[in-house]
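So you can see what is in the structure, the chains are spelled out below.
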There are 2 protein chains.
Amino acid sequence: MNGPEIPGVVIHRLPMYARALALLQAEGRDVISSLELGQELGVTPAQIRKDLSYFGRFGKQGRGYNVQQLIDRLRSILGLDREWRLALVGVGRLGQAILGYGGFSPQGFKVIRAFDSDPDQIGQILDGVRVESVANLEQSLRETPVDIGIVAVPAASALHVIDVLVASGVHSILNYAPIVNRAPPGVHLRQIDPVLELQSMTYYLKQRENETDTPAID
Amino acid sequence: MNGPEIPGVVIHRLPMYARALALLQAEGRDVISSLELGQELGVTPAQIRKDLSYFGRFGKQGRGYNVQQLIDRLRSILGLDREWRLALVGVGRLGQAILGYGGFSPQGFKVIRAFDSDPDQIGQILDGVRVESVANLEQSLRETPVDIGIVAVPAASALHVIDVLVASGVHSILNYAPIVNRAPPGVHLRQIDPVLELQSMTYYLKQRENETDTPAID
DNA sequence: GTATGTGAACTCTTTCACAGCC
DNA sequence: GGCTGTGAAAGAGTTCACATAC
């Protein structure tokens with residue numbers, strides 16, 4: 001029944017394609033070739049065609065892709081043609097920034113529950129969401145399930161919160177805490193980790209400096 | 001003069017190794033094998049050994065790696081043994097969460113400048129950093145350079161801000177705005193993009209649902 | 001005995017290049 | 001003529017397996 005397994009790298013590129021296409025559409029574009037889309041994204045046209053070929057044949061030879069149609073197909077493939085319910089754990093500064101961020105909702109990601117351990121926060125309504133006690137997390141999520149959990153608590157409690165989310169039936173988690181990623185089997189855990197990004201960027205910064213300091217001796 | 005080019009994937013894994021090692025050290029561990037470190041991280045021991053072998057020979061056969069020594073070597077390779085100065089552009093909710101985040105400073109990443117376009121914010125002092133007008137960005141950064149720029153402005157202005165940062169001599173940028181990534185040549189641009197993460201997570205969520213809905217017919 | 005470091009084998013991913021179609 | 005879709009080739013990255021060292 002299953003088609004061939006589709007590489008994870010391919011899945012990861014599709015949302016970018018969808019985003020670029022939406023932009024092009026907003027500019028009034030209604031047909032585009034893999035070459036142009038590739039230039040837009042800094043990606044080879046062959047890669048775009050190969051990626052899309054995993055899912056079907058969406059283009060017209062000699063012409064390119066219909067922008068609207070391709071957006072629709074990508075959104076359907078990725079499951080972006082419906083709403084997904086999220087629960088946020090941790091409403092500190094970061095959690096509040098997440099709640100207030102206007103970029104999730106238009107993409108169909110609705111944060112419908114929020115949890116915290118701070119008694120001063122519990123009961124507050126932040127951006128239309130009532131903050132519940134994290135002590136009720138499991139029971140509360142069993143009553144009203146969500147599709148995805150967002151973890152925005154300090155590193156020290158993140159592993160515990162992730163365990164509780166999993167126990168509550170949440171298998172897809174977006175984690176902002178800087179922990180060592182140890183997803184239990186069957187759990188889809190993604191990290192948002194600016195420190196890790198910075199810590200690999202510095203390698204290249206250092207390289208650049210070294211190049212400048214010691215000009216190559218030919 | 002240059003050694004062989006080291007794959008980017010390898011560089012990206014090193015900060016995780018360093019983080020796991022720091023944790024192990026805090027637990028009092030002072031020697032570790034690639035097997036154990038791999039179990040900690042969910043990575044094969046061969047991968048760890050191969051990754052490290054790009055940079056030298058840090059272990060002792062029959063014994064493993066000295067935790068402290070390996071941390072020091074990794075930090076030196078990545079350039080984490082010094083301070084890096086950052087400039088933040090955009091002090092809205094997200095920008096303020098970034099300024100207030102306690103996780104950068106202990107790792108040597110100091111946000112020393114902040115910029116915004118909102119007249120109500122300009123002149124304010126947030127977490128010890130005076131907010132300057134984004135109109136002065138280029139001049140200000142030319143006077144007091146930084147190593148890395150952080151972009152936390154709305155998507156509509158992000159491309160412009162990135163251009164100005166580059167013009168100001170900042171070639172390493174961590175961008176939080178959901179844009180189509182088009183780094184000018186020679187610029188090291190990294191995206192922090194939770195929406196993109198969610199949009200690929202849903203593919204797997206959908207898969208899981210389909211599997212559950214239609215049990216396989218053997 | 002035990003675990004590293006590393007060529008060789010393997011697997012995954014990207015790119016090429018062209019037949020087929022518009 | 002122009003661009004897609006796709007096998008085949010090339011290139012990257014990972015894992016194996018073992019000689020080597022402690």
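None of the values given here were measured: they were computed from a predicted structure.

### Some words on the protein's contact with DNA strand C
Here is step 1: Residues in contact with DNA strand C amount to 23 residues; listed here are only the nearest, Arg13(A), Gln61(A), Ser34(B), Gly62(B) and Tyr65(B).
Here is step 2: For DNA strand C, the backbone portion of the atoms within 4 Å of the protein, that is sugar and phosphate, comes to 62%.
Here is step 3: Interatomic distance of 3.3 Å between a backbone N/O atom of Gln61(A) and a sugar or linking oxygen of DNA strand C.
Here is step 4: Contacts to DNA strand C include Arg49(B), whose side-chain N or O atom sits 2.7 Å from a base nitrogen.
Here is step 5: Sorting elements by how many residues they give to the surface near DNA strand C places helix α3 (residues 45-53) of chain A first, with four residues.
Here is step 6: By residue class, the composition of the surface near DNA strand C is five nonpolar, 10 polar and eight charged.

### Side note on the relation of the copies chain B and chain A
Think of it as a corkscrew move, a rotation about one axis and a shift along it, taking one chain copy to the other.
Here is step 1: Note on the identical chains: chain B maps onto chain A by a rotation of 180° and an axial translation of 0.0 Å, with an RMSD of 0.0 Å. Here the transformation between the copies is reduced to the relation of a two-fold axis.
Here is step 2: Here 100% of the interface residues in chain B have copies in chain A that are interface residues too; the copies meet face to matching face.

### Some details on the side chain of Ser172(A)
Here is step 1: Considering the arrangement of structural elements, one finds Ser172(A) in strand β9 (residues 172-175).
Here is step 2: If we skip the residues at most four places from it in the chain, Ser172(A) touches Asp147(A), Ile148(A), Gly149(A), His188(A), Met201(B) and Leu205(B).

### Quick look at the packing of aromatic side chains
Residues and elements named next belong to chain A.
Here is step 1: Evaluation of the coordinates by the stated rule reveals four aromatic pairs over all chains.
Here is step 2: With a centroid separation of 5.2 Å and 90° between ring planes, the pair formed by Tyr101 and Phe104 is classed as edge-to-face.
Here is step 3: Since its relative accessible area comes to 32%, Tyr101 is described here as partly exposed.
Here is step 4: Judged by relative accessible area, Phe104 falls into the buried class, the value being 3%.
Here is step 5: With centroids separated by 5.2 Å and ring planes inclined at 90°, the aromatic side chains of Tyr203 and Tyr204 adopt a geometry described as edge-to-face.
Here is step 6: Under the relative-accessibility criterion, Tyr203 is labelled buried at 8%.
Here is step 7: The partly exposed category is assigned to Tyr204, whose relative accessible area is 24%.

### Things to note about the pattern of salt bridges
Here is step 1: All told, the structure shown has 18 salt bridges over all chains when counted by the stated rule.
Here is step 2: Glu197(A) serves as the salt-bridge partner of Arg190(B), at 2.9 Å between the closest nitrogen and oxygen. With one member in each of two chains, Arg190(B) in strand β10 (residues 188-191) and Glu197(A) in helix α8 (residues 194-213) form a pair that bridges those chains.
Here is step 3: With relative accessibility at 8%, the residue Arg190(B) sits in the buried group.

Reading the values: rules and limits
- Residues numbered from 1 in each chain as written.
- Chains lettered and ligands numbered in written order.
- Predicted model: local features only at pLDDT ≥ 70, side-chain atom pairs only at ≥ 80, totals over all residues.
- Heavy atoms only, no water.
- Near = heavy atom within 4 Å.
- Polar contact = N/O pair within 3.5 Å; in protein donor to acceptor, adjacent residues only side chain to side chain.
- Helix = DSSP H or I, 4+ residues; strand = E, 2+ residues; numbered from the N terminus.
- Nonpolar A, V, L, I, M, F, W, Y, C, P; charged D, E, K, R; others polar.
- Least-squares fit on C-alpha atoms with pLDDT ≥ 70 in both.
- Contact = heavy atoms within 4.5 Å.
- Phe/Tyr/Trp six-rings, centres within 6.5 Å; stacked < 30°, edge-to-face > 60°.
- Buried < 20%, exposed > 50% of the residue type's maximum accessible area, 1.4 Å probe, protein only.
- Salt bridge = Lys/Arg side-chain N within 4 Å of Asp/Glu carboxyl O.

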